[in-house]
Amino acid sequence: MEHLSVTDAQQCILEFVKTLGAEPVRLEQSLGRVLADDVYANRDLPPYDVSAMDGYAVRSADLALVPATLSVIEDIKAGDMPAKTVHAGQCARIMTGAPLPAGADAVIRVEDTRASSETEVQINVAVKPGNDIRLQGEAMRNGDAVLAAGTEITPGISGILATVKSAQVRVHRRPRVAILSTGNELEDIDDPVDPDKIPNSNSYALMAQVQALGIEPDLLGIARDDPAELAEYLQRGLKFDVLLVSGGTSVGVHDYVRPILESLGVQMKFWRVAMKPGHPVAFGVLPGNAGGNSKDTFIFGLPGNPVSSMVCFEQFVSPALRRMMGHARIHRRTISARLTHNLKHQPGRTEFVRVTLKSEEGGYAATSTGAQGSGMLLSMARADGLLVVPSDSAGLAGGSMMAVQLLDGTVFQEDAIFKE
Ligand code: AMP
Ligand code: MG
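Criteria and cut-off values
Residues numbered from 1 in each chain as written. Chains lettered and ligands numbered in written order. Predicted model: local features only at pLDDT ≥ 70, side-chain atom pairs only at ≥ 80, totals over all residues. Heavy atoms only, no water. Disulfide = S-S within 2.5 Å. Buried < 20%, exposed > 50% of the residue type's maximum accessible area, 1.4 Å probe, protein only. Helix = DSSP H or I, 4+ residues; strand = E, 2+ residues; numbered from the N terminus. Contact = heavy atoms within 4.5 Å. Pairing = 2+ DSSP bridges. Axes fitted to C-alpha atoms, helices over the stretch in contact; angles between N-to-C directions. Salt bridge = Lys/Arg side-chain N within 4 Å of Asp/Glu carboxyl O. Parallel < 35°, antiparallel > 145°, perpendicular 65-115°, else oblique. Left-handed = near helix turned anticlockwise from the far one by under 90°. Nonpolar A, V, L, I, M, F, W, Y, C, P; charged D, E, K, R; others polar. Near = heavy atom within 4 Å. Polar contact = N/O pair within 3.5 Å; in protein donor to acceptor, adjacent residues only side chain to side chain.

**Side note on the state of the cysteines**
- Enumeration according to the criterion identifies zero disulfides in this entry.
- Looking at C12, it has no disulfide partner, and the nearest cysteine sulfur is the one in C312, 14 Å off.
- Take C312: its relative accessible area is 0%, and that puts it in the buried class.

**What to know about helix α4 (residues 227-237)**
- Taken residue by residue, α4 has L230, A231, Y233, L234 and G237 as its buried positions.
- Against the buried residues of α4 lie β13 (177-182), β16 (218-223), β17 (242-246), α5 (257-263) and β21 (297-302).

**Quick look at the pairing of strand β25 (residues 363-368)**
- Relative to β25, strand β23 (residues 334-339) runs parallel, the two sharing two bridges. Along β25, the bridge assignment pairs L339 with A366.
- Where strand β24 (residues 350-360) folds back on β25, the antiparallel hairpin that results is connected by two residues, among which G362 adopts a positive phi of roughly 85 degrees.

**Structural notes on unusual backbone geometry**
- A cis geometry characterises the amide bond from V66 onward to P67, with omega recorded as -5 degrees.
- As for its position among the elements, P67 is in the loop between β4 (55-58) and β5 (68-76).
- Here the residue pair K276 and P277 is connected by a cis peptide bond, since its omega of -5 degrees sits within 30 degrees of zero.

**Some details on the sheet that holds β17**
- Read across the open sheet, the six strands follow the order β16-β13-β17-β21-β20-β18; overall the sheet is mixed. Across the chains shown, the open sheet's two edge strands, defined by having one partner strand only, are β16 and β18 (267-270). Sheet twist, expressed as the average angle between the axes of neighbouring strands with direction ignored, equals 20 degrees.
- Pairing geometry for β17 and β21, over five bridges, is parallel. Note that in β21 the partner of L244 across the bridge is F300.
- Across the sheet, helix α3 (residues 202-212) touches β13, β16, β17 and β21, and the angle it forms with β13 is around 160 degrees.
- Across the sheet, helix α6 (residues 306-324) lies against β13, β17 and β21, angled at about 170 degrees from β21, the strand it touches most.

**Considering the environment of L14**
- Within the secondary structure layout, L14 lies in helix α1 (residues 6-16).
- For the pair formed by L14 and A320, sequence separation is 306 residues and the distance between their alpha carbons is 6.6 Å.
- Setting aside chain neighbours within four positions, we find L14 in contact with P319, A320, R323, I330 and H331.

**Thoughts on the pattern of salt bridges**
- Applying the stated criterion across every chain yields a total of 13 salt bridges.
- The closest approach of N and O atoms between D37 and R170, which form a salt bridge, is 2.8 Å. Highlighted residues: D37 in the loop between β1 (22-26) and β2 (39-40) and R170 in strand β12 (residues 168-172), separated in sequence by 133 residues.
- In this structure, R176 and D241 form a salt bridge, with 3.5 Å as the shortest nitrogen-oxygen distance. Of this pair, R176 sits in the loop between β12 and β13 while D241 sits in the loop between α4 and β17; the two residues are 65 residues apart in sequence, bridging distant segments of the chain.
- One salt-bridge network, held together by shared partners, links R173, R176 and D241.

**Concerning the side chain of Q10**
- Within the fold, Q10 resides in helix α1.
- Once you skip the residues sitting within four places of it in the chain, Q10 turns out to touch Q315, F316, H331 and A416.

**Brief notes about the packing of α1 against α6**
- Direction vectors running N to C along α1 and α6 enclose 30 degrees, while the axes themselves pass 10 Å from each other. As far as their axial angle goes, α6 and α1 are roughly parallel. Seen along the crossing, α1 lies across α6 with a hand that is right-handed. Listed contacts from α6 to V6, A9, Q10, I13 and L14 of α1 are Q315, F316, P319, A320 and R323.
- For the contact of α1 with α6, the class distribution of residues is seven nonpolar, two polar and one charged.

**Points about the site of ligand 1**
- Surrounding ligand 1, one finds 16 residues, the nearest of these being E185, N200, S201, G248 and G304.
- Separating an oxygen atom of ligand 1 from a backbone N or O atom of G248 is a distance of 2.9 Å.
- Every element with two or more residues in the shell around ligand 1 is listed here: β13 and β15 (198-199).
- Among the residues making up the shell around ligand 1, the classes are represented as four nonpolar, eleven polar and one charged.

Right under this line is the structure:
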């Protein structure tokens, strides 16, 4: 099998992965979820013409000559309804958000007036009709579609949903995700320290990557490189919507993951991508109803090397999970940044170099986090972003403007835009 490019591999995945169905959640629990339905306004807002300022509701025609002295006929606070009509020579004291009384056609802010007594005020400015009035329905009209299905619930959207009284909203379901690590050499977090073993970091880094997308995954633990044990663990994982398997996907004699998945009915779509780190990354589909599951299960075989595993998650798993959750923006936001130093690269694979970003005049400066071995997790842990080195590059010169994928947990865009 040929090596796919990163974008071809992403496309392959997105051909199979579909947005999940909907479920109701309380508004208070909905941050970060994606609306499954259009949402409509159920009233006009403001419900009538209201004052935009603390001041006086006037008839603008009374202000042909200023200063003008008007008599104050009532006090209207937000929440009050006006009782009187404003006639020539009269005005009403009014607070922000209070309904405009009949007869008045403008508001004068208190700063442009001088109260001479409780019942009289001097107005110092002339204004046009409509001044400092918020018109009925200007923020939202009854019956208007105010939010479209597919909208991610952000704090502002929560405010809109509360405005239209959506105490409960229908959002796309989050995928159930299982994480399995494989390898005889691994020791788990609560095992006593054995100097001959390698600590299992992938399960926890992957878990956090999944959690950062708003999904609580299940950790299945560590399977030994033993076909029977692996088959048992993989079978458990295939009951989820998504199974992430770390390690065992290379071509070593003890890398059993792929053949066992295939024996369990998984159709492997690819297992090699022309990228660095992360070369042996695999994707497969277990069609619905196999494995006791009514929906398709998607399987990602991630490389065991800790950096590779995280980088592959970013390129392949994260867009798939976000697609399942209904997001339109599924890819990490990519910015252009100035590389601060030369960078070696051998043509053949797209490379994701871990960089820190510093803002500078006109943009960002990107600097490598240091030694970039795929086992050096600190290079990833310290990174703000992944700088993309195109596969045909023979090396980059300091000063080059390069694409950098931001690793920030909340910022995404619709398309993966980078030259690879
Ligand atoms: P593999 O892909 O199974 O050949 O593993 C490649 C390298 O990644 C080996 O050096 C492993 O020790 C290491 N590795 C595999 N799984 C994990 C894990 N869960 N946590 C940390 N390192 C791992
Ligand atoms: Mg292994």
